[in-house]
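One-letter residues, chain by chain:
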Amino acid sequence: MESKNIFNESGIIITIILIVIPIIVASIIVIFRAYAVLQNYLKKKELEKFNKYLKELSPEEVQKLKLRKQELEFALTNNELSGLIDPIDSKGLVGNVSSSEELRFIEKKKKSQPRPYIEPDLTKLILWYFGCATFWLLFGTTIGEYLGIKFCAPDVDHYSWLSFGRLRPVHTNSVFWGWASLAMIGLAYYVIPRVSNVPIVSIKTGYCSLVLINASVILGSLFLMAGINNGGGEYREYIWPVMALLGIGVIISLRNFIKTIAKRTTKEIYVSNWYIISAMMFLLVIAFVAYWPSWQTGLGETIVQGYYMHQGVGMWFMLFNLGLMYYFLPQQLNKPIYSYSLGILAFWAQILFYTLIGTHHFIFSAIPWWLQTIAIVGSAGMIIPVVAGTTNFLMTFKGSWNKLSNSYTLPFYLIGIIFYFTGSLQGTAEAFRFTNLVWHFTDFTVAHSHLTMYGIICFMLWGFIYTIVPRLTGKEPPQITVGAHFWLALIGLLFYTFPLMYGSSLRGLMWMDGKPFIESVEIMAPYWLWRAIGGSLMWFSHILFAYNFYVMIKRRKEIIIPESPIDILKAKEELENQTLTN
């Protein structure tokens, strides 16, 4: 038998590439870190020379610097022409003027309010939530990146714990419960005290919740990779003891938030709190319904699965993030939300219609026809809250579109709002019987889930995190890497979803024409390649986000050598004071 060169096998080649990539990245990081250490050392040496120079400054040199400082600080008094004598105003042209008309072509801007005091302990808690969320984003999407490659090279490995069936739920659950959920709860620990105008009741409870949710994701991932799961059901793969840990973590934070809102100093409960508290309550309800053993058999389990899966996305992630948007968008634009009433309309309409649509994933199944029809009607009814919410957000932007070009956070907000409209209405379109017949059981649903969970939830969360972390730490992220993060994530998402939607449409039509199944698999090969390319861009954008987050929280102080006479004299004064103190 002729022996084959194993290095010609696609699986081996991809495995080697996957091993080499982190080695190359690690080497680049080590080089950059070594360069940074060297630069820091050279700056310290330069600073020592500069301090020596300051100590040896002669009185004449100091006098020259002071003279130059006076020259730089010189400013006109604005009375050179008028003098100091009061003007003669017998006709009252000056003295009797009590008001002035505003120039209409100049935009009237609301004065910025000073940032409210944020407790250091609360700041630390929120940053811990964001840090853990960032870790799970990297972990979960690295798994997703590997799974995307498997579509192009299914033989990349032959280990049971790395099989697609085990890793896929690790990917979805780690980004659901680890990344998005922790980021949302961390943001809620910032928003709820702000809009209630009182401190959070218990910071210790926040840490307990953080530990429980992290423990749930860690144990759940290990169990899934070991083949221990709930026996099917998308996003419901964790066994009940693991899910119970997550539920307890949410319960204690919910209790913490409700007690904080109860002590509010404002009369009304702001709409953000409506959305956030309702989302947490719905999560507990749907998780209880999904894991209750009486419904875990036969057709009832299918109906419950549709209910749980859709309510998890719409009544936990979507409802929660919309509440956060109602706080952060007006704050970023420095203007009130366009319509409080539209926000309340969207809130109640989403609760009415979204809770009905779970079974639209099972059209033409054994589920009663009337129940399928109710799901379709509920999906069509979702047009009301989606249009109301989108209109509210875009009308809030009205008159402030010019701020987009000068902000590195607002583009994330806007993309999230756009995908909220397009992705949600795409879900409505998928619910109708013909489109469901074409697209269901294809990768179209994968593209749709990424348009919503990634295009809406992730972009909103990134925008919110970029908004508040600089306020918590006083450090801004590098704008070039924020821009690179934004564009890589957006372009990657489009590369991921559009080819999948097109290819899946062709695949569904082939099934309807009765073509051989294997032909529908072969036709998807180029579209799966685009999926892997888009996923790679998205994954790389997450690395940039993690870097930006690190820059915003790092404690190392940058060494700055003074150059202007003002800064040199100030440095000399500080050095002399430091010498006297020592």
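Here the structure is shown first, and the text comes after it.
Note that the structure is a prediction, hence the values are computed from the model and not measured.

To continue, consider the overall build of the protein chain. Helix and strand counts for the protein chain stand at 18 helices and zero strands. Out of the 582 residues in the protein chain, the part that is buried amounts to 48%. At a minimum sequence separation of 6, the contacts of the protein chain that also span at least 24 residues come to 83%. Entry remark: accessible area of the protein chain is about 30800 Å², with carbon and sulfur atoms responsible for 66%.

With that out of the way, let us pick up the nonpolar core. In summary, soluble globular proteins display a tendency toward joint burial of nonpolar side chains. Counting 141 residues, the largest nonpolar core has W177, W179, W316, F328, F459, L461 and W462 as the members making the most contacts within it. In contact with L461, not counting residues within four places along its chain, are W179, A180, A183, M184, L187, N321 and L324. Judged by nonpolar contacts, the second largest core, of ten residues, contains L57, V62, I568 and A571.

Generally, phi is negative for residues other than glycine and the peptide bonds are trans, each holding for most cases. The backbone of Y235 sits at a positive phi, close to 65°, despite the residue not being glycine. Along the polypeptide, Y235 turns up in the loop between α5 (203–225) and α6 (240–262). On the accessibility criterion, Y235 (10% relative accessible area) is buried.

With their axes 11 Å apart at the nearest point, helix α3 (residues 120–152) and helix α14 (residues 444–473) run at an angle of 140° to one another. Comparing the axis directions of α3 and α14 gives the class oblique. With respect to the hand of their crossing, α3 and α14 are arranged in left-handed fashion. Along its contact with α3, which presents T123, I126, L127, F130 and L137, the element α14 presents W462, I465, I468, V469, L472 and T473. Of the residues contributing to the contact of α3 with α14, the split by class is nine nonpolar, two polar and no charged.

Throughout the structure, instances matching the rule amount to 48 aromatic pairs. These aromatic residues form a ring-pair network of at least three members: W179, Y408, F412, Y454, F459, W462, Y466, F486, W487 and F545. One cation-aromatic arrangement involves R194 over Y190; the distance from NZ or CZ to the ring centre is 5.5 Å.

We now examine a nonpolar patch on the surface. Taken together, the side chains of W487, I491, L494, F495, F498, L529, W530 and I533 define a hydrophobic patch exposed on the protein surface, amounting to about 740 Å² of accessible area. Put simply, the parts of the chain that give the nonpolar patch at least two residues each are α15 (479–512) and α17 (525–553). In terms of residues, the nonpolar patch owes the most to one element, α15, which gives five residues. Relative to the elements of secondary structure, F495 occurs in helix α15. Using a relative accessible area of 31% as the deciding quantity, one classes F495 as partly exposed.

For H485, the location among the structural elements is in helix α15. Every residue in contact with H485, bar those within four places of it in the chain, is listed here: F412, W462, Y466, S541, L544, F545 and N548.

Here we come to empty space enclosed by the protein. Using the criterion set out here, one finds two cavities of 30 Å³ or more in the structure. Size it by volume and the largest cavity reaches roughly 90 Å³. Forming the walls of the largest cavity are H310, H360, H361, G427, E430, N436, W439, H440, T445 and H448. Per-class residue counts for the lining of the largest cavity are one nonpolar, eight polar and one charged. In this structure, the second largest cavity spans a volume of roughly 30 Å³.

Okay, the environment of A489 next. Of note, A489 is situated in helix α15. Residue classification places A489 among the buried positions, given a relative accessible area of 0%. Linking A489 and C458, residues 31 residues apart in sequence, is a C-alpha distance of 9.6 Å.

The next subject is the packing of α5 against α6. Taken N-terminus to C-terminus, the directions of α5 and α6 make an angle of 160°; their axes are 8 Å apart at the nearest point. The angle between α5 and α6 places the two elements in the roughly antiparallel class. The hand of the α5/α6 crossing is left-handed. Together, T205, G206, C208, S209, L212, I213, A215, S216, L219, G220 and F223 of α5 and V242, L245, L246, I248, G249, V250, I252, S253 and N256 of α6 make up the contact between the two elements. Here the contact of α5 with α6 is composed, by residue class, of twelve nonpolar, eight polar and no charged.

By secondary structure assignment, the location of H440 is in the loop between α13 (433–439) and α14. Within polar-contact distance, the side chain of H440 engages the backbone oxygen of H361 at 2.7 Å. Discounting chain neighbours no more than four positions away, the residues touching H440 are H361, T435, T445 and W511.

Basis of the calculations
Residues numbered from 1 in each chain as written. Predicted model: local features only at pLDDT ≥ 70, side-chain atom pairs only at ≥ 80, totals over all residues. Heavy atoms only, no water. Helix = DSSP H or I, 4+ residues; strand = E, 2+ residues; numbered from the N terminus. Buried < 20%, exposed > 50% of the residue type's maximum accessible area, 1.4 Å probe, protein only. Contact = heavy atoms within 4.5 Å. Areas by Shrake-Rupley, 256 points an atom, 1.4 Å probe, with all protein chains shown as cover. Core = buried A, V, L, I, M, F, W, Y, C linked by side-chain atoms within 4.5 Å. Axes fitted to C-alpha atoms, helices over the stretch in contact; angles between N-to-C directions. Parallel < 35°, antiparallel > 145°, perpendicular 65-115°, else oblique. Left-handed = near helix turned anticlockwise from the far one by under 90°. Nonpolar A, V, L, I, M, F, W, Y, C, P; charged D, E, K, R; others polar. Phe/Tyr/Trp six-rings, centres within 6.5 Å; stacked < 30°, edge-to-face > 60°. Lys NZ or Arg CZ within 6 Å of the ring centre and 35° of its normal. Patch = residues over 30% accessible without salt bridge, like charges linked within 9 Å, V, L, I, M, F, W, Y side chains within 5 Å. Salt bridge = Lys/Arg side-chain N within 4 Å of Asp/Glu carboxyl O. 1 Å grid on protein atoms, 1.4 Å probe; cavity = no way out; pocket = protein on both sides within 12 Å on 5 of 7 lines; lining within 4 Å. Points joined across faces, edges and corners; volume = space filled by probe spheres on them. Polar contact = N/O pair within 3.5 Å; in protein donor to acceptor, adjacent residues only side chain to side chain.

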